[in-house]
Amino acid sequence: MCGIVGYTGKRKALGILLSGLQSLEYRGYDSAGISLKTKSGIETVKTKGKVIDLISLIAESRLDTSAKIGIGHTRWATHGKPSTENAHPHFTEAVSVVHNGIIENYRSIEKFLNNKGISRKTDTDTETIALLIDHYLKASLDFKNAFFESVKKLKGSFAIVALSKDFDYLMLAKHESPLVIGISEGETFIASDVSAMIEYTNNFIFLEDGDVALVDRDRITIFNEKLEETKRNTVQINWSKEKAQKGGYKHFMLKEIAEEDEAVRNTIQSRIDENGRILLDDEIKLDKEFLKNIDRITVVACGTSFYAGLTAKPILEKFTGVKVDVEIGSEFRYYDYLYSKNNLFLAISQSGETADTKEPLKMAKKRGIKTLSIVNVKESAIARLSDSCIYTLAGPEISVASTKAFTSQLAVLFMLAFYISQLKGKREAFEAAKKLLKIPSLIKQTFDLTEKTIKELADKYYKYQNFLYLGRGICFPLALEGALKLKEISYIHAEGYPAGEMKHGPIALIDENTPSVVVAHPKEPLYSKSISNCEEIKSRHGKIILVSSRKSTIVDDIIEVPEVDYDFAPFIYIIPLQLFAYHVAYLRGNDIDQPRNLAKSVTVE
Ligand code: M6R
């Protein structure tokens, strides 16, 4: 999705804006641009394509690079095709604007402007914001008040930063799209995502919905939705600059898979004591009596986070003793869900900004349902909206394909299951939690043990166009997640299916050109049944890659993983599936960290 950066301070703005835009590239975009306030007014350079194209264009331009105040943007097209004209910033002689989100009432604003003889030149909704501010400036308002008047008219979701030709400050507005202000001495940074500015500061103010801010190098004034001055806390974000860099790896995705042991360790180590007691009392701000008496858990999420919920469902049910529904956010928001009396609503989201997860959360709150979230990004919308939040401590996940977030989400889901079980006085949850403590080193072992084989298998299989991913029991959602990983970065069609369901349809797809990846933990009878499914595939000339700790002679290839208890298998069996997708995509020459058409966080519907 789109990315915003802004800077005002003692340094030249251009380098900071461009490196910020490069840090945001992972979010997915199709065009980029910057505006600087220079001695000759507002100068803008923008282009369709990547930040590297923008840098070349700037090098050829006569842009005054000494400017110390400016804004920048990476656009992911919503209104109007990807083109240089539609790229942000959108500007007039007096003002320049970058915007994330969608202005839902831009047509009526356009009508208002047209009646005054002002018209758009681009296809974007964003241009109407620039024109509106310009209109109020011409009506003799100062920049702050022109911006206030404009924001009052906007409906939809937006994070906006505006730069003026005549005033030395930036104006910001936030509504349902993230915007943060980074603070350092004598300089102020603005970004839609902390990773863009973590290189320069660890201190951030997260604007709240409805906030408007006036920002200069050493003054930040925030106004609430009634435009009254207000205070927002400064939050320290301890992500290191290195975590947001590739650190010697070819791609963030590979780095993030290699970091999964550390991500899970960080997520669990301070939350489980040596006796297996789950230490979540301070973090879960929900009444213990309520937690003891919940009669259903409704998990809502999208994509990989949804699969994390699906994977953890049997553990949640086994340890809490209550029914767990796992629902896709984009469907759930249009569905009249029948909540039970003591229902817990559980949102899972890496980014904490996914619109299709956020909306159901809001709806649940409106219905008076207690809400808990599992989120990776601190102070994100979902974290703040829910009654309570347990953070995954995976560090920044930059690759669009989610990997370490998945295993860290599983870690929190498992801890939550054990925590509720312990509240209910069940002994077995202590032993299980102790086992979880051993998982990070097993994840590391799996990575080290399997990567060489996986590279060889990727070489053998990367030219195939279709794959089936099959699993039973706890391995079935892993098949879904494995297939999702393959399709999103390699662009190979891959379908995840419960292995037992094959004969009800998908077996028709099997031939020598459609390999199957079968995920099978040795737990009986699931293993034998999965091997019977392999026999069915073999007799139709299908090739099979088995992921298991137990060998089989009927498959073509095996990725052997370390032995692990059935309940904890997802942490281990997912690693080769992620690595296989990575190496196949690599051999196909794809842009792994920024796959086509995808965005890291999907903040619009
Ligand atoms: O940030 P979230 O966890 O809410 O994101 C949900 C999905 O958009 C995300 O998992 C997506 O499916 C990834 N590209 C999967 O790799």
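Everything quoted here is computed from the prediction, not taken from an experiment. (Residues numbered from 1 in each chain as written. Predicted model: local features only at pLDDT ≥ 70, side-chain atom pairs only at ≥ 80, totals over all residues. Heavy atoms only, no water.)

Draft legend 1. The pattern of salt bridges, seen in detail. This model, assessed by the stated rule, comprises 38 salt bridges. Across the salt bridge formed by Glu289 and Lys292, the nearest N and O atoms sit 3.3 Å from each other. Separated by three residues within a single helix, Glu289 and Lys292 lie in helix α8 (residues 288–293), roughly one turn from each other. For Glu289, a relative accessible area of 44% puts it in the partly exposed group. (Salt bridge = Lys/Arg side-chain N within 4 Å of Asp/Glu carboxyl O. Helix = DSSP H or I, 4+ residues; strand = E, 2+ residues; numbered from the N terminus. Buried < 20%, exposed > 50% of the residue type's maximum accessible area, 1.4 Å probe, protein only.)

Draft legend 2. Quick peek at the sheet that holds strand β25 (residues 557–560). Spatially, the five strands line up as an open sheet ordered β22-β21-β23-β24-β25, and their pairing is parallel. Each having just a single partner strand, β22 (493–498) and β25 make up the two edges of the open sheet. Going from strand to strand, the sheet's axes swing by 20 degrees on average, the running direction of each strand aside. Inspection of the sheet shows strand β21 (residues 466–471) paired to β22 by six bridges, in the parallel sense. Note on β22: the bridge partner recorded for Asn466 is His493. Contacts from helix α15 (residues 439–461) reach β21, β24 (544–548) and β25, with the element oriented near 155 degrees to β25. Contacting β21, β23 (516–519) and β24, helix α17 (residues 526–538) crosses the sheet at an angle of about 170 degrees to β24. (Pairing = 2+ DSSP bridges. Axes fitted to C-alpha atoms, helices over the stretch in contact; angles between N-to-C directions. Contact = heavy atoms within 4.5 Å.)

Draft legend 3. How the structure looks around the packing of aromatic side chains. The tally for this structure, following the rule as stated, stands at 23 aromatic pairs. Between Phe204 and Phe206, the ring centres sit 6.5 Å apart and the planes meet at 55 degrees, which makes this aromatic pair tilted. Exposure class is identical for Phe204 and Phe206. Each is buried. A ring pair is formed by Phe414 and Phe568, whose centres lie 5.6 Å apart and whose planes are at 45 degrees; its orientation type is tilted. Of the two residues, Phe414 sits in helix α13 (residues 404–423) while Phe568 sits in the loop between β25 and α18 (569–587), which places them 154 residues apart along the sequence. Grouping residues by exposure puts Phe414 and Phe568 together as buried. Lys153 extends its terminal NZ or CZ atom over the ring of Phe112, reaching a point 4.4 Å from the ring centre. (Phe/Tyr/Trp six-rings, centres within 6.5 Å; stacked < 30°, edge-to-face > 60°. Lys NZ or Arg CZ within 6 Å of the ring centre and 35° of its normal.)

Draft legend 4. Structural detail: the domain arrangement of the protein chain. Partitioning the protein chain into domains gives domain 1 (2–245), domain 2 (254–437) and domain 3 (449–587). On the domain 2 side, the residues contacting the 16 residues of domain 1 number 16 residues. With both sides pooled, the region where domain 1 packs onto domain 2 buries about 1,400 Å², and carbon together with sulfur makes up 58% of that total. At the junction of domain 1 and domain 2, the tally comes to two salt bridges. Between Glu176 and Lys362 there is a salt bridge, with the nearest N and O atoms lying 2.5 Å from each other. For the pair domain 1 and domain 2, the number of links is two residue pairs in polar contact (both at pLDDT 80 or more). By residue class, the composition of the side of domain 1 that touches domain 2 is eight nonpolar, three polar and five charged. (Domains from an automatic or database assignment. Buried area = accessible area lost by both parts, 1.4 Å probe. Polar contact = N/O pair within 3.5 Å; in protein donor to acceptor, adjacent residues only side chain to side chain. Nonpolar A, V, L, I, M, F, W, Y, C, P; charged D, E, K, R; others polar.)

Draft legend 5. Focus on the site of the ligand. What surrounds the ligand is a group of 13 residues, the closest being Ser305, Ser349, Ser351, Thr354 and Glu488. At a separation of 2.6 Å, an oxygen atom of the ligand approaches a polar side-chain atom of Ser349. Here an oxygen atom of the ligand sits 2.7 Å away from a polar atom, N or O, in the main chain of Gln350. Here the ligand loses 91% of its free accessible area of 410 Å² to cover by the protein chains. Secondary-structure elements contributing two or more residues to the shell around the ligand are α9 (303–320) and α16 (475–490). Sort the elements by how many residues they give to the shell around the ligand and α9 lands first, with three residues. Of the residues contributing to the shell around the ligand, the split by class is three nonpolar, eight polar and two charged. (Near = heavy atom within 4 Å. Areas by Shrake-Rupley, 256 points an atom, 1.4 Å probe, with all protein chains shown as cover.)

Draft legend 6. View of the pairing of strand β7 (residues 156–164). When you tally the buried positions in β7, you get nine out of nine residues, the bulk of the element. Of the two faces of β7, the one lined by Gly156, Phe158, Ile160, Ala162 and Ser164 and the one lined by Ser157, Ala159, Val161 and Leu163 are each fully buried. Here β7 pairs with strand β8 (residues 170–175) via six bridges, running antiparallel. Paired with Ala162 across the bridge in β8 is Met171. Here β7 folds back onto β8 in antiparallel fashion, the turn holding five residues.

Draft legend 7. Broad picture of the side chain of Asp261. Along the chain, the position of Asp261 falls in helix α7 (residues 260–268). A relative accessible area of 10% means that Asp261 is categorised as buried. For Asp261, the residues in contact, after removing those within four places along its chain, are Pro440, Ile443 and Lys444.

Draft legend 8. Layout of the packing of α7 against α15. Following both chains from N to C, one finds α7 and α15 inclined at 175 degrees, their axes separated by 8 Å at the closest point. Classified by the angle between their axes, α7 and α15 sit roughly antiparallel to one another. Each of Glu260, Asp261, Val264, Arg265 and Ile268 in α7 lies in contact with α15, whose residues at this interface are Pro440, Ser441, Ile443 and Lys444. Taken together, the residues of the contact of α7 with α15 sort by class into four nonpolar, one polar and four charged. (Parallel < 35°, antiparallel > 145°, perpendicular 65-115°, else oblique.)

Draft legend 9. A look at helix α14 (residues 428–436). Taken together, the buried positions of α14 are occupied by Ala429, Phe430, Ala432, Ala433 and Leu436. All buried residues of α14 lie within an arc of 165 degrees about the axis, which places them on one face of the element. (Arc of directions from axis to C-beta.)

Draft legend 10. Representation of the packing of α13 against α18 in the model. At a minimum axis distance of 10 Å, the contact between α13 and α18 shows a crossing angle of 170 degrees. Taken as axis vectors, α13 and α18 run roughly antiparallel relative to one another. In this structure, α13 uses Phe406, Thr407, Leu410, Ala411 and Phe414 to contact α18, whose residues at the interface are Pro570, Phe571, Ile574 and Gln578. Each residue belonging to the contact of α13 with α18 can be placed in one class, and the counts come to seven nonpolar, two polar and no charged.

Draft legend 11. Structural detail: the sheet that holds β8. Pairing is antiparallel across the open sheet formed by seven strands, whose spatial order is β5-β6-β7-β8-β12-β13-β14. Edge strands, defined here as strands with exactly one partner in the open sheet, are β5 (90–91) and β14 (229–230). As defined by bridge partners, β5 adjoins strand β6 (residues 95–103) across two bridges and the pair is classed as antiparallel. Within β6, the position partnered with His90 by the bridge is Val97. Most of the contacts of helix α4 (residues 126–138) go to β6, to which it runs at about 135 degrees, and overall it touches β5, β6 and β7.

Draft legend 12. Molecular detail of the nonpolar core. Among the nonpolar cores identified, the biggest contains 98 residues, and Phe418, Leu436, Phe467, Tyr469, Phe571 and Phe580 are the most heavily contacted of them. Not counting residues up to four positions away in its chain, the partners in contact with Tyr469 are Ala479, Gly482, Ala483, Leu486, Ala494, Glu495, Gly496, Tyr497, Val517, Leu577 and Phe580. The next biggest cluster of nonpolar side chains, apart from the first, holds 32 residues, and it includes Ala13, Val45, Ile198 and Tyr200. (Core = buried A, V, L, I, M, F, W, Y, C linked by side-chain atoms within 4.5 Å.)

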